[in-house]
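Inside the fold
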Amino acid sequence: MAKLIMQNSTPKKSFSSILVILLLAACFFGCQERKPVFGKQAAKRKLSEEFNKYWYANDAEITSYKLNQSRYGEMREGSAVLIFVTEHFLNEEQVKADEAHDDNIAVLKLNTVKKFNTGIYPYSIMTSTFFPVVQNRHALKVTNSVQEWCGQVYSQLNSRAQFEITSHSYFEGEDDQNFKLDKEFLEDELWTMIRVSPDNLPVGDHLVIPSMEFTRLNHIEFKAYSCTITKEKSAYKLSYPDLDRTLTIQYNVQFPYEIESWTETFPNGSGANAKQLTTTATKLKTLKTAYWKQNAEKFNYLRDNLAL
């Protein structure tokens with residue numbers, strides 16, 4: 001009988017020990033900084049009445065910025081425009097829907113446009129990001145194009161089981177590419193996430209895929225890099241140690257969380273002549289208007305209202 005009692009007591013002690021270990025582990029991991037959950041299983045965002053009233057007023061928010069852009073080791077004066085607008089998006093085709101349907105995905109689209117000159121020839125850069133406003137998912141699509149007198153380049157990312165990237169360029173070694181990446185945070189999607197849900201922005205150490213604009217202009221491999229992200233009051237800062245690059249976005253902490261300015265610092269120039277330069281963009285004017293209905297000559301004055 002004594003032997004039987006000893007055999008039965010051992011599992012009880014083991015179970016108690018395992019239970020203690022599990023409780024300690026839960027406490028430990030519960031105290032760690034958690035990566036925001038993205039994916040089909042994540043809880044949907046609850047949009048406020050204030051959000052719906054602002055973003056579903058049948059217009060867009062257009063904001064102009066004074067741009068001081070670093071390029072080829074020098075600073076260039078130019079302009080930047082951020083255009084935010086909500087749209088109905090087709091999940092499979094990943095394009096704007098012609099008509100609203102129940103299976104559409106509501107997105108906040110950001111078109112970022114930059115224009116500046118480098119000596120005799122101009123640069124025109126545009127990035128489009130389609131970010132779901134209700135579903136906690138990564139941006140569904142990001143596109144980027146760069147035009148200048150040497151040629152043009154174009155990249156597109158589609159979010160499916162993985163990130164699917166298509167890229168075209170006139171540079172040798174960067175011509176026509178198709179590849180996939182595991183899903184990590186996209187720098188391009190964080191701008192729209194500020195406008196949708198700034199309290200849920202990722203902070204801490206993460207893998208982040210830098211902006212398409214940065215990787216293109218600097219011929220950097222488009223992939224995820226280690227990044228330390230901090231948020232202090234109105235400043236959201238990304239630091240990439242392997243790229244020696246920092247990006248700081250200043251935004252209004254009160255709804256609708258407007259982007260007030262940004263700075264970007266990294267080595268700029270060629271070879272040994274490269275030096276740390278800082279691109280800056282400072283807000284000029286904001287318009288809330290249905291710009292797609294204002295393509296007649298009589299609406300030219302609106303560009304003056306944006307100081308463009």
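As shown above, the structure is provided for reference.
The structure contained in this document is the topic of the report that follows.

The rules behind each value
- Residues numbered from 1 in each chain as written.
- Predicted model: local features only at pLDDT ≥ 70, side-chain atom pairs only at ≥ 80, totals over all residues.
- Heavy atoms only, no water.
- Helix = DSSP H or I, 4+ residues; strand = E, 2+ residues; numbered from the N terminus.
- Buried < 20%, exposed > 50% of the residue type's maximum accessible area, 1.4 Å probe, protein only.
- Contact = heavy atoms within 4.5 Å.
- Areas by Shrake-Rupley, 256 points an atom, 1.4 Å probe, with all protein chains shown as cover.
- Pairing = 2+ DSSP bridges.
- Polar contact = N/O pair within 3.5 Å; in protein donor to acceptor, adjacent residues only side chain to side chain.
- Salt bridge = Lys/Arg side-chain N within 4 Å of Asp/Glu carboxyl O.
- Phe/Tyr/Trp six-rings, centres within 6.5 Å; stacked < 30°, edge-to-face > 60°.
- Lys NZ or Arg CZ within 6 Å of the ring centre and 35° of its normal.
- Patch = residues over 30% accessible without salt bridge, like charges linked within 9 Å, V, L, I, M, F, W, Y side chains within 5 Å.
- Lys, Arg positive; Asp, Glu negative; His and termini not counted.
- Charge placed at Lys NZ, Arg CZ, Asp CG, Glu CD.

**Brief notes about the overall build of the chain**
Each helix and strand in the chain was counted, giving 5 helices and 15 strands. Here the chain holds 308 residues, and the buried ones make up 44% of them. By sequence separation, contacts in the chain at least 24 residues apart represent 49% of the contacts at least 6 residues apart. With an accessible surface of roughly 17200 Å², the chain has 52% of that area assigned to carbon and sulfur atoms.

**A word on helix α3 (residues 187-196)**
Within α3, 10 of the 10 residues are buried, which leaves it mostly tucked inside the rest of the structure. Looking only at α3, the buried set comprises Glu-187, Asp-188, Glu-189, Leu-190, Trp-191, Thr-192, Met-193, Ile-194, Arg-195 and Val-196.

**As for the pairing of strand β14 (residues 259-268)**
Of all the 10 residues making up β14, 7 are buried; the element is thus mostly covered by neighbouring parts of the structure. In this structure, strand β13 (residues 245-251) lies alongside β14, joined through 6 bridges in antiparallel fashion. The partner of Leu-247 across the bridge, within β14, is Glu-264. As defined by bridge partners, β14 adjoins strand β15 (residues 275-289) across 8 bridges and the pair is classed as antiparallel. Across the sheet, residue Thr-263 finds its bridge partner in β15, namely Thr-280. Where β14 folds back onto β15 in an antiparallel hairpin, the turn is made up of 6 residues, including Gly-269, whose phi is positive at roughly 125°.

**Side note on the environment of Arg-76**
Note that Arg-76 resides in strand β2 (residues 74-89). When its relative accessible area of 12% is taken as the criterion, Arg-76 is described as buried. The contacts of Arg-76, once residues within four sequence positions are left out, are Leu-67, Asn-68, Gln-69, Arg-71, Phe-116, Asn-117, Thr-118 and Gly-119. At 3.4 Å, the side chain of Arg-76 forms a polar contact with the side chain of Glu-74.

**Focus on the pattern of salt bridges**
Scanning the model with the defined rule gives 12 salt bridges in all. A salt bridge links Glu-174 to Arg-216; the nearest nitrogen and oxygen atoms lie 3.8 Å apart. On the criterion of sequence distance, the pair formed by Glu-174 in the loop between β7 (163-168) and β8 (176-181) and Arg-216 in helix α4 (residues 212-217) is long-range, its members being 42 residues apart. Arg-216 shares its class with Glu-174; the two are buried. With a closest N to O distance of 2.9 Å, Glu-264 and Arg-245 form a salt bridge. Here Arg-245 lies in strand β13 and Glu-264 lies in strand β14, a separation of 19 residues in the sequence. Arg-245 carries the same exposure label as Glu-264, and that label is buried.

**Details of the packing of aromatic side chains**
Considering all chains together, one arrives at 16 aromatic pairs under this definition. Summarising the aromatic geometry, the rings of Phe-51 and Phe-255 are spaced 6.5 Å apart at their centres and angled 55° between planes, so their arrangement reads as tilted. In this pair, Phe-51 is assigned in helix α2 (residues 49-55) and Phe-255 in the loop between β13 and β14, connecting sequence segments 204 residues apart. Over the ring of Tyr-72 we find Arg-71, and its NZ or CZ is 4.4 Å from the ring centre. The side chain of Lys-141 reaches across the aromatic face of Phe-130, ending 6.0 Å from its centre.

**Remarks on a negative patch on the surface**
A cluster of acidic residues, Glu-92, Glu-93, Asp-102 and Asp-103, forms a negative patch on the protein surface. Turning to its location among the elements, Asp-102 is positioned in the loop between β2 and β3 (105-118). The class for Asp-102 is exposed, based on a relative accessible area of 84%.

**Describing unusual backbone geometry**
A cis amide bond links Phe-255 to the next residue, Pro-256, at an omega of 15°. With respect to the element layout, Pro-256 can be found in the loop between β13 and β14.

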